[in-house]
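Summary of the model geometry
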Amino acid sequence: FSIVVDIEEEKLEKEVLKLCRTHFSDKVSPGHKVELRKEELTYTPFDRTMNKRNHQANCIIGGPAPSLYQERERLATVLLCNILGGPANNAILNSVLREKHGWVYSVECAYTQFADTGLVTISLGCDKNNLAKCIEAIHREIRKIQDFPLTERRLKAAKKQLLGQLAIGGDNGETILSTGST
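The text that follows walks through the structure, step by step, so that each part is easy to find. (Residues numbered from 1 in each chain as written. Predicted model: local features only at pLDDT ≥ 70, side-chain atom pairs only at ≥ 80, totals over all residues. Heavy atoms only, no water.)

Looking at the overall build of the protein chain
When its secondary structure is counted, the protein chain shows six helices and three strands. Secondary structure of the protein chain in N-to-C order comes out as α-β-α-α-β-β-α-α-α. Long-range pairs, those at least 24 residues apart, make up 61% of the contacts in the protein chain between residues at least 6 apart in sequence. On the protein chain, roughly 14100 Å² of surface is accessible, and the fraction owed to carbon and sulfur atoms is 54%. (Helix = DSSP H or I, 4+ residues; strand = E, 2+ residues; numbered from the N terminus. Contact = heavy atoms within 4.5 Å. Areas by Shrake-Rupley, 256 points an atom, 1.4 Å probe, with all protein chains shown as cover.)

Here it is in structure tokens:
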């Protein structure tokens, strides 16, 4: 939850806690610490297909990822997602699926971090007849990264690119909120 608004922090906290009590329990109070789950989370793979009467297929491939508190793994996952399907045209999946083969309208990789787990997703939109080729190409590119680590030069360039993207993206309300800058 994030908010950028011209309101005193104490007043905002009071309002948020009031809303939380209506949906969760009366145990929510200022300074209340939420206990994180200690048990191992389980992951059950699934595949759901919905047929629509159109020519386009929208696909999401995903799996569990490091939590917000697994800092080393989390930072590596951010970099990996940027290399695979970040906003730049040189992202691997964009280069292969869109530029090289022309199979997708768009493809991206995202990483969502939660307190006790995370989620990495690759999403794409393509013609239905290209979907199987796209999924196989995604798996192939992931296997390449697993089997053939990036060179020092390529890794350094990827880190530099990510830092540049973060600097450009830093001019928004959520960033101001999280850094305390005004």
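Quick look at the state of the cysteines
For the coordinates displayed, the defined rule picks out zero disulfides. Lacking any disulfide linkage, Cys-134 is separated from the closest cysteine sulfur, that of Cys-126, by 4.2 Å. Given the relative accessible area of 0%, Cys-134 is considered buried. (Disulfide = S-S within 2.5 Å. Buried < 20%, exposed > 50% of the residue type's maximum accessible area, 1.4 Å probe, protein only.)

So, a nonpolar patch on the surface
Taken together, the side chains of Ile-3, Val-5 and Ile-7 present a nonpolar region at the surface, about 210 Å² in accessible area. Mapped onto the elements, Val-5 comes out in the segment before α1 (9–23). (Patch = residues over 30% accessible without salt bridge, like charges linked within 9 Å, V, L, I, M, F, W, Y side chains within 5 Å. Salt bridge = Lys/Arg side-chain N within 4 Å of Asp/Glu carboxyl O.)

Here we look at the sheet that holds strand β1 (residues 56–65)
With respect to topology, three strands assemble into an open sheet ordered β1-β3-β2, the strand pairing being antiparallel. The strands lining the two open edges of the sheet, one partner per strand, are β1 and β2 (104–113). On average, adjacent strands in this sheet sit at an angle of 10 degrees to one another, irrespective of strand direction. One ladder, built from nine bridges, connects β2 with strand β3 (residues 118–127); its direction is antiparallel. By the bridge assignment for β3, Cys-109 is matched with Ile-122. In the packing of helix α2 (residues 71–85) onto the sheet, contacts are made with β1, β2 and β3, and the angle to β2 comes to roughly 175 degrees. (Pairing = 2+ DSSP bridges. Axes fitted to C-alpha atoms, helices over the stretch in contact; angles between N-to-C directions.)

Brief notes about the packing of helix α3 (residues 92–100) against helix α4 (residues 131–147)
Following both chains from N to C, one finds α3 and α4 inclined at 145 degrees, their axes separated by 11 Å at the closest point. The element α3 and its partner α4 pack so that their crossing is right-handed. Residue-level contacts link Ile-92, Leu-93, Val-96 and Leu-97 of α3 to Cys-134, Ala-137, Ile-138, Glu-141 and Ile-145 of α4. Here the contact of α3 with α4 is composed, by residue class, of eight nonpolar, no polar and one charged. (Left-handed = near helix turned anticlockwise from the far one by under 90°. Nonpolar A, V, L, I, M, F, W, Y, C, P; charged D, E, K, R; others polar.)

Comments concerning the pattern of salt bridges
The final tally for this structure, using the stated rule, is four salt bridges. Two residues, Arg-143 and Glu-136, come together in a salt bridge whose shortest N-O distance is 3.1 Å. Given a relative accessible area of 38%, Arg-143 falls into the partly exposed group. When its relative accessible area of 38% is taken as the criterion, Glu-136 is described as partly exposed.

So, the nonpolar core
Within the largest apolar cluster, 25 residues are counted, with the highest numbers of intra-cluster contacts made by Leu-93, Leu-97, Val-104, Val-107, Leu-124 and Cys-134. Residue assignment for this core shows that the elements contributing at least two residues are β1, α2, α3, β2, β3, α4 and α5 (152–169). Ignoring anything within four residues of it in the chain, the contact list for Val-107 reads Gly-85, Leu-93, Asn-94, Leu-97, Ile-122, Ser-123 and Leu-124. (Core = buried A, V, L, I, M, F, W, Y, C linked by side-chain atoms within 4.5 Å.)

Some thoughts on the side chain of Glu-141
Locating Glu-141 in the fold gives a position in helix α4. The buried category is assigned to Glu-141, whose relative accessible area is 8%. Apart from the residues within four sequence positions on either side, Glu-141 is in contact with Ile-92, Leu-93 and Val-96.

Overview of the environment of Ile-145
You can see Ile-145 is positioned in helix α4. Note on Ile-145: relative accessible area 23%, which makes it partly exposed. For the pair Ile-145 and Ile-83, spaced 62 residues apart in the sequence, the C-alpha separation amounts to 10.0 Å. Residue contacts for Ile-145: discarding those within four places in its chain leaves Leu-80, Leu-84 and Ile-92.

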